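# Structure assessment
Listed below, chain by chain, are the residues.
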Amino acid sequence: VEYIDNNYSTIGNRNARVIMGHCFGGFGAIRIAMKHPDVFGIVAANTPMLNLASFEPLIPQIIAENPDSMTGPDPSKFFTSVLYALSAAVSPNLNNPPFYVDLPFTWPNPKMIGAVKQRWEAQTTPFMRYEYNDKLKTLNGFYFDWGANDEFSFMWLDPLVFRMGLDIGGIPYYFEEHQGTHYNKLYERMEVALKYVSDKIEVHL
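Here we summarise the structure given alongside this text. Because the structure is a prediction, the values reported are computed rather than measured.

### Considerations on the pattern of salt bridges
Considering all chains together, one arrives at seven salt bridges under this definition. Of the charged contacts in the structure, one is a salt bridge between Arg189 and Asp145, with a shortest N-O distance of 3.1 Å. Separated by 44 residues along the polypeptide, Arg189 in helix 9 (residues 186-204) and Asp145 in strand 3 (residues 141-147) bring together distant segments of the chain. By the burial criterion, Arg189 is buried, and Asp145 matches it.

### Describing helix 2 (residues 24-35)
Under the 1.5 Å per step criterion, the end-to-end length of helix 2 is 17 Å for twelve residues, consistent within 8% with the ideal 16 Å. Within helix 2, the full set of buried residues consists of Gly26, Phe27, Ala29, Ile30, Arg31, Ala33 and Met34. For helix 2, the elements touching its buried residues are strand 1 (18-22), strand 2 (42-46), helix 6 (125-131), helix 7 (133-137), strand 3 and helix 8 (157-168).

### Observations regarding the packing of aromatic side chains
By the definition in use, this model includes twelve aromatic pairs. Considering the side-chain rings of Tyr174 and Tyr196, the 5.8 Å spacing of their centres and the 15° angle between planes classify their relative orientation as stacked. On the criterion of sequence distance, the pair formed by Tyr174 in strand 4 (residues 174-178) and Tyr196 in helix 9 is long-range, its members being 22 residues apart. Residue Tyr174 is classed as partly exposed on the basis of its relative accessible area, which comes to 36%. A relative accessible area of 14% places Tyr196 in the buried class. Ring pairs connect the aromatic residues Phe142, Phe144, Phe162, Tyr173 and Phe175, which therefore count as one cluster. The positively charged end of Arg129 is found above the aromatic ring belonging to Tyr130, 4.1 Å away from the centroid.

### Remarks on unusual backbone geometry
The step from Pro97 to Pro98 runs through a cis peptide bond, and the omega angle for that step is 5°. One can find Pro98 in the loop between helix 4 (78-90) and helix 5 (114-122). A cis amide bond, omega 5°, links Trp107 with the succeeding residue Pro108. Even without being a glycine, Thr47 presents a positive backbone phi close to 45°. With respect to the helices and strands, Thr47 occurs in the loop between strand 2 and helix 3 (59-65). Note on Thr47: relative accessible area 3%, which makes it buried. The residue Tyr100 is not glycine, and still its phi comes out positive at about 60°. Residue placement: Tyr100 occurs in the loop between helix 4 and helix 5. Of the residues examined, Tyr100 reaches a relative accessible area of 38% and is grouped as partly exposed.

### What to know about the side chain of Asp102
Among the structural elements, Asp102 can be located in the loop between helix 4 and helix 5. According to the relative accessible area criterion, Asp102 is buried, its value standing at 18%. A polar atom in the side chain of Asp102 sits 3.0 Å from the side chain of Asn93. A distance of 3.4 Å separates the side chain of Asp102 from the side chain of Asn96, its partner in a polar contact. Apart from residues lying up to four places away in sequence, Asp102 is in contact with Ser87, Ser91, Asn93, Asn96, Val116 and Arg119.

### Description of the environment of Leu52
You can see Leu52 is positioned in the loop between strand 2 and helix 3. Considered as a pair, Leu52 and Arg119 are 67 residues apart in the sequence and their alpha carbons are 9.8 Å apart. Beyond its immediate stretch of four places on either side in the chain, Leu52 contacts Phe24, Phe27, Leu86, Val90, Trp120, Gln123 and Thr124.

Definitions and limits used
- Residues numbered from 1 in each chain as written.
- Predicted model: local features only at pLDDT ≥ 70, side-chain atom pairs only at ≥ 80, totals over all residues.
- Heavy atoms only, no water.
- Salt bridge = Lys/Arg side-chain N within 4 Å of Asp/Glu carboxyl O.
- Helix = DSSP H or I, 4+ residues; strand = E, 2+ residues; numbered from the N terminus.
- Buried < 20%, exposed > 50% of the residue type's maximum accessible area, 1.4 Å probe, protein only.
- Expected span 1.5 Å × (residues − 1).
- Contact = heavy atoms within 4.5 Å.
- Phe/Tyr/Trp six-rings, centres within 6.5 Å; stacked < 30°, edge-to-face > 60°.
- Lys NZ or Arg CZ within 6 Å of the ring centre and 35° of its normal.
- Polar contact = N/O pair within 3.5 Å; in protein donor to acceptor, adjacent residues only side chain to side chain.

Printed below as a string of structure tokens:
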């Protein structure tokens, strides 16, 4: 942010800054906004991954991608690469070479390891909401949406639970459920999100 403000023609304050993302990018956008509302005044997330523990139903698919053993990220194995990236972000372990992560399961058992699952849950947005409730209240705008026909249907409870937590915490937000999948209305939904954040910027400048 500092580099952008120092090298480009920007309005250098939170009221003119937005952070946005889709899926895990939406997860990251919400996390960063809740931790740094002094930097970003508005957040928008399209179909965000909200609860990392919801990743558990994908573990059998990851095991199927790796029938012999877990040998690390592989560009030909999408969910495997996502797993290692997530583990590097939320359960790193510098004492566990060669990838220096704690995976959330022990191959080929698909059940999540309790201690690692707790680490993942602690860094997920519904749990973090309690810690950052007051900071979330200071945001100028908070948008997120969800596709009613999302391919990852096992995560459908996550936005409902997250919204309940926001309501209990008295945190203003704007939520829309649309009739798309995880991907097929992405650009259409980005237009909606961009309109939302643009209007919020105009109000607060």
